[in-house]
Structure formats: structure tokens, C-alpha cells
Amino acid sequence: MAFLQRMRCRPVLTSAHSVMLHRHHLSHRMNSSCTGPLFPYGKTDFASIRERNQFFVDNSRFIKELEQQAESNILLRPPRFGKSLFANMLARYYDVNTTQEQFERWFGGLDIFEHAKSAEGLKSARQYHVLKLNFSIDVVPAHGQDRMTAIHENLRARIYAKLTRFASKYGLSADIREANFAYSLEKVTEAIHSRGGRLYVIVDEYDRFANKLMLDADLGAYESIVAGKSGQALSSPIRSFFETLKMLAEDGTFRSYTTGIAPIALADASGANHMWSLTHEPDFADVCGFKRADVETALAHVDLRPHDVKFALNLMEKYYDGYRFDGSTEPLYNPTLCLFFLDKLVEDPSYFLEELQEPDIMDVMTDDNVNVSENVVGLVQRAPGGCEAVLAARSGEPLDTRLSGTYRLRQFLSPAEGESSSTDASQAATMMYHHGLLTYSATRKLVVPNLIAKHRLLHQACSVRIPLRAVEEAVLHPTERRWRRLIEDIFVLGNSVATLCDNNCNEAALQSALCSAIGQLTRGIGNASHESELKVKVKVLENENENENKKTSEDGYADILVQTGGSGVLLELKRLRPRQIEFKSERIMEKRDKKVRFVAEEISEELGGMSEEELCEVKLRYVSKSGMRTVGDVLDSACKQAAKYAALKESHRLDRLHGFGVVSVATRIIVRDAELNV
């Protein structure tokens, strides 16, 4: 791996060069006068970035595009994707208090500058009283305080403070009451109108506190604060706020712009149906995020040897790139993660020494501030179809499902009776899409965008707590009983039993889920590798031992390898879906092929009453190409493969390698010692 030499800031490219490099002609006024860090990681103050001549990707042309839209607009993008910086730029652009001198310093050289000087642009630039709000409030109550009361009070206090400062900033005389922000907002608007002014409300992170409640599984507080009581708008502060904006929008002198992560809180609040969503508008696909040319230009600001530039670009592409939205012409990089990397690159290039291994690279490429909450995956898994969607995403296969439109939290967690499993999968995928765990591929399938998202998805799903001693014994002293118990516990404690009854859960997804869970459990004492990783590792070992006997590609690769020290356990996992099995129950047989959720209890009841011997005699619906007719035939095949792979322990540099054949028969798990079975 290339070593990145210590770097120093270069004078930044001129505007003429940048036009050639980038379709937005980035702002490259930066030069040796750059004060502070070159890359403004974690900063969202547009004016400060421009004043300090820091790196800035010019997306100002979207201001003009925005003016062609409705009076009230909303944009949803994954966490930490540059939404706040764009909202802050809007505030500076439209603020009547922005002086001509400030405007020229901040916007001079940007795409929007010439438009702002035109007759059309002069009608809006620096023509509004701008009220900028965000709903990032504390949802943790003070000692002895009720959580719902605390949230109501914190939100009222936040808006009251903002309105008070707003009135003072513009010299407005208005009756502002902390107990009633809807009334206060109306009075502030009246004061603006009385002097012939216009109001622009910018709401950043509208769903921040709602997401905290939802992901904390505090659904009672969520419904009270966000949805409120039916017919009582004031019972929900967020609903009351947006209904006030809706009323103000009826006046032609008002505009609003709102950002957030997902549409679910707006649907539950039922007060924002006046806003036009830019989320899936092709013209706004690139409003947030970096393109490859942006990243290349950023790297050009740092002294790097050509091969170091290539290495750094390759890292950023694998870990940060891959996001596509409706209308994207190329994949986008997460901008916050890019700035995190670039800032570290300038500060300490020794992060990227040659001896770094993949886990170390993941650690230094990951910004904990951009972590998707573990509860996102947990919430998705609680919903019908959620485990299936998570497992499918983790398998690496594209999800062939459409994004859902507007839906509510209760509908997401408890869909109407009779809804198909495809609806469940669509809603689960949509939740992961909005939180940045999934995105569009070039062929419009839903895929995991990059290694950071894959890492979070793999290590946050199906988290289980099993005593470390039980795991150590299974690895160091492997027996059928220990491994059957461990695998069963993983799926039971991980709330994935219902997933095993679903026809949509394929073998690859199950392998990936099991490997991830085992990997978490063995952290600190060993590691677990999936088939896709084993292919890479075996090939590397073959190259290192060219004169030794090589393992041919025809031999295949084991599904899961768990190792600690010189000992290893190899699992060859087969999956039999409900539709592949001949059940005795007529009710199960009737539902087996239909696209409805299975009744897991019925399948578990029939299979649970069988001994392993009886289970092995259960017939398959179809005879396989290799002649397998029963569950036992599938188990024998798994054991033979496991025994063959276990004989290749030298390929993995292990002293001992024990193989097991594993078959998932819907909810039942059969584990057989490959050596004893063969």
C-alpha cells in the first residue's frame, strides 16, 4: 500500500483552471491567505468558510433553480450530507441585512453571482427577513421531569429564543409569547408586512428530535409530540408549527425551505402537505454531495505524488462514494466524510502507512460523528419485512424493490392486515435509503453504496448478547451441540426467527447475517470471514506461496470461517425456504407460495415437533439437479463440502480446522460434524 508523504498546502487553483476541472466551477479563491484549516470539516457557516478562503464546492446554481419551484420546499438527504451548509448559504443570500460588500465577498465568483445582479435576481437576493430554525433539541428530560413535557418545553424555548433574536436583529416590534409560538410567528409576520417586507423561513433538520424519539423506540412520546391527538393541531408542536407555515404560505410574500432525513415525521404530523418535495426531483439530484471532479480538485490542493493521489482517490471512492438520487448522472461522495478524510490527510498523513490492514483502514476512514444510529437498523428489523430487507442488503445483492411514498410510523411497524410482503420490504428499504444505508445503482436497483455503509449495516444488525465463554468453547472445542445452540441463539436473540420463515430470505443473506453476528461475538478473541472475503484471502496466500500446492478455483470456498489463534471452525451453510419443503399442514401448504407473510408460529410448531432424524426425512418439493430429494440429502451435501474445505487448513495457516455442515430448514437449524458424517 502506498505511503503518503507528509504534505503541505498548495496555492489553490485559479477560477479559470477550476472551470475546466468541474461542471460547477468550484470556488477557488483560496490561496496562501487561507486562515485556519484548509478543509472546513464539520463547519456549516457559509460566511465563515468564504471569509477564511476555505475549500468550498460551488452548488450555488441551485438557488436559481429553487426560485423556479413552489414557495415552500423540502429536501431530504442522508445524515451529514451537506444540507445545513446549503441552507446556511440560502440564508446569507436572501437576508436583507447582508450588505452589498458582504454579498460580493461571499458570492463573488460563484455561479449565482451574475444571476443575483440581473433584473430577475435583484427581485429576491437580499430581499427577505430570514428566520433560520432547527429542531435539534434535547430529548433527555431533566431529573424528575416527564419526557414529553421536557420536549414540549425545549421546543417552545428554542423557537421563542429564535423569534426573540430575529425580532431584535430586524428591529421588529411584535408580541412574542413563549407559550404559543404559532401566535408569535403570526405576529412577527404581521410586523414584517407592516413595513413592506417579506419573510423567508429556513428549517434545518426538521426531524432531528422526532428521529431521536423514533429510534429510541419511545413510540408513545413520538406519537404525542409528532402526531398529537386527532383533531387537535396544538397537541403536536411540530404539527402546529408546520400548519402555521402553511397558513403563512397563502401570502405571496412568504417562502420557506426545509431540510431533513426522512419523510415519516412529516406524514405523522399531517401539517406540511403544502410543501413541494425536491427529494426526488432530477434537477436537484446533485444539490448536496461531491462529484469525483470535486474530490480530485480537493486533492490537488495538497502536495502529493501522483501515485499517492491515485491511492487516496481510490480509498475515498471505496469508502465514501456511491450515492445516487433521482436524476444523478454519476455517483456522489458523502461530503462530510470527504472533508473528514482530507482534514486528517493534511494533519497527519501517517494514518496511511503501508502496514495498515483492512480493519485499521476502516477505523481511520470512519467518522463517528457521521455514524448511522444502530437503532436505525434495529427499528427496521422490528417492522414486518425488515429483517428480510436487512439480510438482503447485507448479502450484497441488489434489492429489486421500489421506494415507498409517504407512510406513517405506525403503518411502518404494524401494516394493515393482508398487505403483501413486497410492501413491507419496500418500506424497510425506504427507511434504509433515507438514512444512507441504501442508494440507487446505475440500473435503478437499491444497493449498499460503499464500504462505510456496508460496515455499519453488517455490524449494527442482528446484534446479540451471548456469553463470551460460550463462544470461546464453540470455537476452541467445537461440537455439534455447541454450534447448534450458538446459531439458534443468534437468530432467536436477534429476533430473526420470523425471517427464517420468509421465502424472500435467501441463502446468501442468511450466510452474511450469521457471519456478521459471529464476527461481533468473536471480536477480541478471533474473527469470522464470509465467503466473499475468503476468496480474496485465499488468492493472496496462493500468490505468497507460488511453489506450494495451489487450491484451484474449482474447489470453491467455504461459506464461513471462524478462527482464533491456530484453531478454526468452518461452516458450510445451506438454506431451505418454506416453499422448498413439503409440509404436512394444509394451511401452510396453501400459503407457501403466496406473497404474504408466513405465520411463523405454525411453521415452528410443525417442525419443532420433529426429531432431527424425522426432519432429515422431510421431502423437498422438487428434486434438485444433483439428485437431492430430502433434507437429509442437503445436509449430506453440506457435510461433504465442509470436510473437503476443512482439509485445506494450510491455506488459512491454521493448525486445526473443524468443519460442520449446517442446514436451515425454515426455523429449524441442523448442525452435523463433517468428519463424523462423512
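Residues numbered from 1 in each chain as written. Predicted model: local features only at pLDDT ≥ 70, side-chain atom pairs only at ≥ 80, totals over all residues. Heavy atoms only, no water.

### Points about the overall build of the chain
Of the regular secondary structure elements, the chain holds 31 helices and twelve strands. Residues counted as buried form 54% of the 678 residues belonging to the chain. Accessible surface for the chain amounts to roughly 29,700 Å². Of this, 47% is attributable to carbon and sulfur atoms. (Helix = DSSP H or I, 4+ residues; strand = E, 2+ residues; numbered from the N terminus. Buried < 20%, exposed > 50% of the residue type's maximum accessible area, 1.4 Å probe, protein only. Areas by Shrake-Rupley, 256 points an atom, 1.4 Å probe, with all protein chains shown as cover.)

### Some remarks on the pairing of strand E12 (residues 668-673)
Most of E12 sits inside the fold, with six of its six residues counted as buried. Of the two faces of E12, the one lined by Arg668, Ile670 and Arg672 and the one lined by Ile669, Val671 and Asp673 are each fully buried. Judged from the six bridges that link them, strand E11 (residues 656-665) and E12 form a sheet pairing that is antiparallel. Counterpart to Phe660 in the pairing with E12 is Asp673. Joining the antiparallel neighbours E11 and E12 is a turn of two residues, in which Ala666 adopts a positive phi near 55 degrees. (Pairing = 2+ DSSP bridges.)

### Comments concerning the packing of helix H7 (residues 147-170) against helix H10 (residues 219-227)
Axis separation between H7 and H10 bottoms out at 10 Å; the angle between their running directions is 35 degrees. In the packing of H7 onto H10, the handedness of the crossing is right-handed. Contacts between H7 and H10 involve Met148, Ile151 and His152 from the first element and Gly220, Ala221, Ser224 and Ile225 from the second. Tallied by class, residues from the contact of H7 with H10 come to four nonpolar, three polar and no charged. (Axes fitted to C-alpha atoms, helices over the stretch in contact; angles between N-to-C directions. Left-handed = near helix turned anticlockwise from the far one by under 90°. Contact = heavy atoms within 4.5 Å. Nonpolar A, V, L, I, M, F, W, Y, C, P; charged D, E, K, R; others polar.)

### Topic: unusual backbone geometry
Not every positive phi belongs to a glycine, and Asn53 is a case in point at roughly 55 degrees. Looking at the element boundaries, Asn53 is found in the loop between helix H2 (46-51) and helix H3 (61-67). Even without being glycine, Glu205 reaches a positive phi, approximately 55 degrees. With respect to the helices, strands and loops of the structure, Glu205 is situated in the loop between strand E3 (199-204) and helix H9 (208-215).

### Structural notes on the packing of helix H4 (residues 83-94) against helix H5 (residues 100-107)
Running from N to C, H4 and H5 point in directions that differ by 145 degrees, and their axes come no closer than 10 Å. In this structure, H4 meets H5 at a crossing whose hand is left-handed. For the pair H4 and H5, contact is made by Met89, Arg92 and Tyr93 and by Phe103, Trp106 and Phe107, respectively. Partitioning the contact of H4 with H5 into residue classes produces five nonpolar, no polar and one charged.

### Thoughts on the sheet that holds strand E5 (residues 276-277)
Taken in spatial order, the five strands line up as E2-E3-E4-E1-E5 in an open sheet, and their pairing is parallel. Edge positions in the sheet fall to strand E2 (129-134) and E5, since each has one partner strand and no second. In the sheet, strand E1 (residues 72-76) pairs with strand E4 (residues 254-260) via five bridges, with the strands oriented parallel. The residue bridging Leu75 from the neighbouring strand is Thr259, located in E4. Each of E2 and E3 is contacted by H7, which is oriented at about 160 degrees to E2, the strand it contacts most.

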